[in-house]
Amino acid sequence: MRDKYAITLAALPQSRYVSALEIGCAIGVLTEELASRCDRLLAIDAARTPLKEARRRCAELSTVRFEQMFVPEQWPDGAFDLILLSEIVYI
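Residues numbered from 1 in each chain as written. Predicted model: local features only at pLDDT ≥ 70, side-chain atom pairs only at ≥ 80, totals over all residues. Heavy atoms only, no water.

(A) Layout of the pairing of strand β2 (residues 38-45). Counting buried positions over the eight residues of β2 gives six, a clear majority of the element. Relative to β2, strand β1 (residues 17-23) runs parallel, the two being bridged by six bridges. Note that in β2 the partner of E22 across the bridge is A43. A crossover connection joins β1 to the parallel β2 through helix α2 (residues 29-34); in handedness this β-α-β unit is right-handed. In this structure, β2 lies alongside strand β3 (residues 64-68), joined through five bridges in parallel fashion. Opposite A43, over in β3, you have F66 as the bridge partner. The β-α-β motif built from β2, the intervening helix α3 (residues 48-57) and the parallel element β3 has right-handed crossover chirality. (Buried < 20%, exposed > 50% of the residue type's maximum accessible area, 1.4 Å probe, protein only. Helix = DSSP H or I, 4+ residues; strand = E, 2+ residues; numbered from the N terminus. Pairing = 2+ DSSP bridges. Right-handed = clockwise from strand over helix to strand, strands pointing away.)

Written out as C-alpha coordinates, the structure is:
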(Lines give C-alpha, C1' and ligand atoms only; values in the text may rest on other atoms or scores of the structure.)
Protein backbone atom coordinates (compact mmCIF):
# COMPACT_ATOMS: atom_id res chain seq x y z
CA MET A 1 0.00 0.00 0.00
CA ARG A 2 2.88 2.38 0.71
CA ASP A 3 3.98 2.02 -2.92
CA LYS A 4 0.50 2.98 -4.10
CA TYR A 5 0.54 6.08 -1.88
CA ALA A 6 4.00 7.04 -3.16
CA ILE A 7 2.77 6.69 -6.75
CA THR A 8 -0.33 8.74 -5.94
CA LEU A 9 1.74 11.57 -4.45
CA ALA A 10 4.23 11.45 -7.32
CA ALA A 11 1.36 11.81 -9.81
CA LEU A 12 0.16 15.11 -8.33
CA PRO A 13 0.87 17.89 -10.82
CA GLN A 14 2.04 20.45 -8.24
CA SER A 15 4.51 20.20 -5.40
CA ARG A 16 2.41 22.38 -3.06
CA TYR A 17 -1.31 23.09 -2.55
CA VAL A 18 -3.00 25.90 -0.65
CA SER A 19 -6.19 24.05 0.17
CA ALA A 20 -6.75 20.34 -0.40
CA LEU A 21 -9.65 17.98 0.13
CA GLU A 22 -9.10 14.27 0.60
CA ILE A 23 -12.28 12.26 0.19
CA GLY A 24 -12.22 8.83 1.83
CA CYS A 25 -9.28 9.35 4.19
CA ALA A 26 -9.95 6.16 6.20
CA ILE A 27 -7.32 5.86 8.99
CA GLY A 28 -5.23 8.74 7.65
CA VAL A 29 -2.15 7.00 6.28
CA LEU A 30 -2.18 8.90 2.98
CA THR A 31 -3.45 12.00 4.80
CA GLU A 32 -0.32 12.04 6.94
CA GLU A 33 1.91 11.98 3.86
CA LEU A 34 -0.21 14.43 1.85
CA ALA A 35 -0.23 16.99 4.68
CA SER A 36 3.40 17.99 4.07
CA ARG A 37 2.38 19.27 0.63
CA CYS A 38 -0.67 21.29 1.76
CA ASP A 39 -1.13 24.56 3.61
CA ARG A 40 -4.58 23.31 4.62
CA LEU A 41 -5.97 19.81 4.24
CA LEU A 42 -9.53 18.73 4.95
CA ALA A 43 -9.77 14.95 5.14
CA ILE A 44 -13.23 13.43 5.17
CA ASP A 45 -14.70 9.97 5.50
CA ALA A 46 -18.22 8.61 5.90
CA ALA A 47 -17.23 6.21 8.70
CA ARG A 48 -16.67 7.37 12.26
CA THR A 49 -14.33 4.59 13.49
CA PRO A 50 -11.53 5.12 10.92
CA LEU A 51 -11.75 8.87 11.47
CA LYS A 52 -10.91 8.37 15.14
CA GLU A 53 -7.70 6.60 14.12
CA ALA A 54 -6.94 9.24 11.47
CA ARG A 55 -7.29 12.02 14.06
CA ARG A 56 -4.96 10.16 16.38
CA ARG A 57 -2.42 9.50 13.63
CA CYS A 58 -2.37 13.14 12.50
CA ALA A 59 -2.83 14.83 15.89
CA GLU A 60 0.46 16.74 15.56
CA LEU A 61 -0.41 18.12 12.11
CA SER A 62 -2.01 21.51 12.74
CA THR A 63 -2.86 22.04 9.06
CA VAL A 64 -5.08 18.93 8.87
CA ARG A 65 -8.75 18.92 9.79
CA PHE A 66 -11.08 15.90 9.76
CA GLU A 67 -14.83 15.77 9.21
CA GLN A 68 -17.32 12.93 8.96
CA MET A 69 -19.20 13.51 5.71
CA PHE A 70 -20.86 11.42 3.03
CA VAL A 71 -20.04 12.72 -0.45
CA PRO A 72 -21.82 13.70 -2.67
CA GLU A 73 -24.82 14.19 -0.37
CA GLN A 74 -22.69 16.32 1.93
CA TRP A 75 -20.06 18.62 0.48
CA PRO A 76 -17.66 20.80 2.48
CA ASP A 77 -17.71 24.56 2.16
CA GLY A 78 -14.74 26.30 0.63
CA ALA A 79 -12.59 26.15 -2.46
CA PHE A 80 -9.91 23.52 -3.04
CA ASP A 81 -7.02 23.52 -5.47
CA LEU A 82 -6.66 19.76 -5.00
CA ILE A 83 -9.41 17.18 -4.55
CA LEU A 84 -8.08 13.68 -4.01
CA LEU A 85 -10.25 10.58 -4.23
CA SER A 86 -8.19 7.54 -3.36
CA GLU A 87 -9.45 4.09 -2.46
CA ILE A 88 -13.09 5.03 -3.05
CA VAL A 89 -13.60 5.27 -6.80
CA TYR A 90 -13.46 1.91 -8.51
CA ILE A 91 -15.09 0.54 -11.62
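Further notes follow.
(B) Here's a closer look at the side chain of R37. Examined against the element boundaries, R37 turns out to sit in the loop between α2 and β2. Buried charged residue R37 carries no salt bridge. Nearest counter-charge: E33, at 8.8 Å. At 3.2 Å, the side chain of R37 forms a polar contact with the backbone oxygen of S15. Contacts of R37, omitting those with residues within four sequence positions, involve L9, A10, L12, Q14, S15, R16 and Y17. (Lys, Arg positive; Asp, Glu negative; His and termini not counted. Salt bridge = Lys/Arg side-chain N within 4 Å of Asp/Glu carboxyl O. Polar contact = N/O pair within 3.5 Å; in protein donor to acceptor, adjacent residues only side chain to side chain. Contact = heavy atoms within 4.5 Å.)

(C) Layout of the pairing of strand β4 (residues 82-85). Burial along β4 is one-sided: the face carrying L82 and L84 is buried and the face carrying I83 and L85 is not. Two elements, β1 and β4, share four bridges in a ladder whose sense is parallel. The partner of E22 across the bridge, within β4, is L84.

(D) Geometry of unusual backbone geometry. Of the consecutive residues V71 and P72, the connecting peptide bond is found in the cis state with omega at 10°. Tracing the sequence through the fold places P72 in the loop between β3 and β4. Non-glycine residue A26 carries a positive phi angle of around 50°. Positionally, A26 belongs in the loop between β1 and α2. Among the residues examined, A26 registers a relative accessible area of 34% and is labelled partly exposed.

Spatial relationships are all this shows, so hold off on functional conclusions.
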